[in-house]
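Per-entry structural report
Next come the chains, spelled out residue by residue.
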Amino acid sequence: MENVRRYHSVYLDKERCRGCTNCLEHCPTEAIRVRGGRAHILDSLCIDCGECIRICDYHAKVAVTDALADIHRFKYSIALPAPSLYGQFRGLKRPEYVLEALKKIGFYDVFEVSRGADVVTRAIRERLRDDLIPRPVISSACPAVVRLIQVRFPELLDHVIDIRQPMEVAASIARAEFCKKHNCRPDEVGCFFITPCPAKMTVIRAPLGQKKSALDGAVSIMEIYGMLLPHVEKMQADPDFEPSTSYGVAWASSNGEANAVCPESSLSVDGISDVIRVLEEVENYKLNDLEYLEGNACVGGCVGGALTFENNYVAKATLRKLVAGMPKVHPDQAVPISMLTKYQMRNDVPFEPNQAMQLDDNLVAAMQKMNRMKEILETLPGYDCGSCGSPTCKTFAEDIVRGYATEMDCIHLMKNKLKAMAEEMVNLAQMTRK
Amino acid sequence: MEALIHEVYPVASADYTSAGHASADIKKKLKMLGVGGDVLRRVAVASYEVELNLVIHSQGGHLDLNVFPDRVELVSEDVGPGIPDLSLAMREGWSTANEEARSLGFGAGMGLPNMKRNADEFDIQSEVGKGTVIRMGFRLA
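The residue numbering used here restarts from 1 in each chain and proceeds along that chain's sequence as written. Chain letters start at A and ligand numbers start at 1, both assigned in the order the entries are written. Local features in this predicted model are restricted to residues of pLDDT 70 or higher, and side-chain atom pairs are both shown and tallied only at a pLDDT of 80 or more, whereas totals for entire chains, interfaces and linings draw on every residue.

1. Quick look at the domain arrangement of chain A
Residues and elements named next belong to chain A. Applicable threshold: What counts as a domain boundary in this text is fixed by an automatic or database domain assignment. For every residue pair, C-beta atoms are placed from the backbone, and the pair is scored as a contact if these atoms sit within 7 Å.
Taken as a whole, chain A is organised into domain 1 (1-64), domain 2 (68-342) and domain 3 (360-434). Each of domain 1 and domain 2 has a C-alpha centre, and the two are 26 Å apart. Counting residues at the interface gives 17 residues for domain 1 and 19 residues for domain 2.

Written out as structure tokens, the structure is:
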């Protein structure tokens with residue numbers, strides 16, 4: 001667990017942290033430790049899923065996103081709303097109400113990420129013709145899931161589809177179309193993703209599968225929801241607006257992607273602990289009769305993102321209603337095949353394994369450390385109380401072996417030691433009295 | 001040579017709630033040791049199959065993980081009932097799983113053949129009324 005500095009959107013607000021153990025227990029990759037009375041996030045293990053943001057009662061875990069004011073760094077700014085944004089507005093009849101509202105709060109133009117999802121749907125369907133990709137092919141849309149695979153299931157990386165994410169493809173198209181229409185330079189245009197989660201923010205700064213993100217930043221749904229609401233309520237329908245397909249919009253909820261890409265043989269799983277359970281099955285070759293696997297770190301899919309406002313079940317219902325009212329045209333019909341060559345669809349960097357779980361580069365040294373862990377574990381009480389600052393007694397033993405903790409960080413071992421010392425002092429006192 | 005890592009996992013008969021825990025832990029340990037790729041997945045499949053066999057067919061037993069600098073070894077040992085006809089048991093699709101196991105999706109008769117296919121070395125000894133011992137070896141590259 002060498003603590004390589006990696007960029008993360010999720011970080012700790014030191015002032016607010018009380019050093020409690022709530023986040024310790026809920027981190028799916030055991031990436032948090034409490035040391036010196038406050039939490040620390042281990043960069044090498046954090047996948048930016050946002051579970052700690054959700055669980056912290058003191059709001060000490062925060063996500064760095066761009067402020068709305070940042071969009072003015074560019075001459076022109078384009079908002080690229082995640083379709084999960086539509087789910088935030090109860091009773092929303094048409095997507096363009098939200099798009100027009102985005103212009104009202106300062107964006108020069110808008111481009112639906114669901115249009116990117118349409119293009120990506122078609123690109124993935126074409127890519128699935130390749131039998132050499134091991135089955136099930138795993139979606140790369142949720143960056144937290146891809147990072148989870150890098151840390152905990154590195155041997156499944158060749159299952160992960162090498163097609164760029166919808167927001168990336170959307171940004172490439174949006175920028176190109178905008179520059180053509182307004183006859184301007186690409187660097188005069190800022191593309192900002194309207195994000196439901198910190199993981200998407202992280203991949204914009206520290207890209208996965210590509211050298212550089214097509215996006216310039218991300219503004220969180222939470223930040224602009226309040227500003228958008230009054231505008232969304234007042235909007236009128238625009239008869240000229242050409243929306244994405246309903247399939248692209250449905251990507252915001254779990255199963256939306258699987259249903260668009262491969263309805264006949266797919267599985268969709270949401271919530272990080274269930275994603276882990278399903279990946280265990282893939283690892284054991286129990287799911288290779290399946291063509292496609294969609295995994296979402298958040299319960300309900302992107303509508304459940306840690307930076308959304310609306311309850312994820314309500315948002316899902318809102319989206320379902322919106323989708324039901326849209327024409328049923330599949331991306332195979334809506335997206336011309338020429339789009340797949342006109343814009344870059346494939347990743348240009350492979351997904352690399354993350355070795356953070358490994359105890360040592362040398363097998364024999366790793367085995368020695370594992371045995372030492374076992375010996376230490378036998379001396380620990382097994383309460384998994386978190387008082388030492390590690391999430392469980394097992395991780396505490398691991399932390400000692402890795403040099404991140406010492407045995408006396410365990411208050412139970414400490415108590416026993418004090419008791420033994422006290423007894424010795426009594427003995428000494430009695431001996432010297434004579 | 002003595003194994004540097006020796007781990008014993010007791011497995012109870014018909015305990016479907018804990019089924020898979022031993023093989024999941026074996027997988028995690030190997031990842032911590034830096035064993036990955038093809039070997040990891042073959043051990044994963046074989047350990048899962050052998051663990052499930054203990055749950056479904058045996059009267060209880062244990063699964064051992066032994067790791068040497070150049071190989072991984074899995075040893076499963078149970079207290080019965082033993083397999084009357086080994087060549088039949090090794091046949092793909094042959095299963096004696098009961099209704100409970102089948103209702104949970106097991107009993108396709110692929111357990112033993114799958115183990116044999118995934119291990120570099122495979123040995124099975126069985127005696128009716130006594131029990132079964134399965135030894136599997138996996139070479140580390």
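2. Some remarks on the sheet that holds strand 8 (residues 189-195) of chain A
Residue and element names in this part refer to chain A. Note the following rule: If DSSP finds at least two bridges between two strands, the strands pair. Only runs of H or I of at least four residues qualify as helices and only runs of E of at least two qualify as strands under DSSP, and these elements are numbered from the N terminus.
The strand order across the open sheet formed by four strands is 6-5-8-9, and the pairing between neighbours is parallel. For this open sheet the edge positions go to strand 6 (109-110) and strand 9 (217-220), each flanked by a neighbour on one side alone. Bridge count between strand 5 (residues 76-81) and strand 6: two bridges; the pairing is parallel. The residue of strand 6 that forms the bridge with Ile-78 is Asp-109.

3. Examining the interface of chain B and chain A
Put simply, the rule reads: All amino acids are sorted into three groups, where Ala, Val, Leu, Ile, Met, Phe, Trp, Tyr, Cys and Pro are nonpolar, Asp, Glu, Lys and Arg are charged, and the leftover types, Gly among them, are polar.
In this assembly, 18 residues from chain B lie in contact with 16 residues from chain A. Where the side of chain B that touches chain A is concerned, the elements lending two or more residues are helix 1 (21-33) and helix 2 (37-57) of chain B. Looking at the side of chain B that touches chain A residue by residue, the classes come out as eleven nonpolar, three polar and four charged.

4. Considerations on the nonpolar core
Residue and element names in this part refer to chain A. Applicable threshold: We define the nonpolar core as any set of buried residues of the types Ala, Val, Leu, Ile, Met, Phe, Trp, Tyr and Cys, connected via C-beta atoms lying within 7 Å of each other. The burial label depends on the number of other C-beta atoms within 10 Å of a residue's C-beta. Counts of 20 or more mean buried, 12 or fewer mean exposed, and intermediate counts mean partly exposed, with C-beta atoms placed from the backbone.
Grouped together as the largest cluster of nonpolar side chains are 109 residues, with contacts concentrated most on Ile-78, Leu-80, Val-98 and Phe-192. The residue makeup of this core includes at least three contributed by each of domain 1 (1-64) and domain 2 (68-342). Leaving out residues up to four positions away in the same chain, Leu-80 has contacts with Phe-111, Val-113, Met-167, Ala-170, Ala-171, Ala-174, Cys-191, Phe-192, Phe-193 and Ile-194. In terms of nonpolar packing, the next biggest core, distinct from the first, is built from 42 residues, Ala-366, Met-373, Cys-388 and Ala-397 among them.

5. What about the packing of helix 3 (residues 95-104) of chain A against helix 8 (residues 221-234) of chain A?
Residue and element names in this part refer to chain A. Note the cut-off: The angle between two axes is taken between their N-to-C directions and runs from 0 to 180 degrees, where each axis is a line fitted to C-alpha atoms and a helix contributes only its stretch in contact. Geometric relationships in this document are graded by angle, where less than 35 degrees denotes roughly parallel, more than 145 denotes roughly antiparallel, 65 to 115 denotes roughly perpendicular, and other angles denote oblique. In this scheme the crossing of two helices becomes right-handed for a clockwise turn of the near helix relative to the far one and left-handed for an anticlockwise turn of less than a right angle.
Packing of helix 3 against helix 8 leaves a shortest axis separation of 8 Å and a crossing angle of 125°. Taken together, the axes of helix 3 and helix 8 lie oblique to each other. Helix 8 is crossed by helix 3, and the crossing has right-handed handedness. Of the residues in helix 8, those in contact with Tyr-97, Val-98, Ala-101, Leu-102 and Lys-104 of helix 3 are Leu-228, His-231 and Val-232.

6. Re the sheet that holds strand 1 (residues 5-11) of chain B
By definition, the strands of a sheet pair up through backbone hydrogen bonds, in either a parallel or an antiparallel sense. All names here are of chain B. Read across the open sheet, the five strands follow the order 1-2-3-5-4; overall the sheet is antiparallel. Each of the sheet's edge strands pairs with one partner strand only, and the pair in question is strand 1 and strand 4 (121-127). On average, each strand axis in the sheet is tilted by 10° relative to the strand beside it, whichever way the strands run. Bridging between strand 1 and strand 2 (residues 61-67) involves seven bridges; their strand directions are antiparallel. Of the residues in strand 2, the one forming a bridge with Glu-7 is Leu-65.

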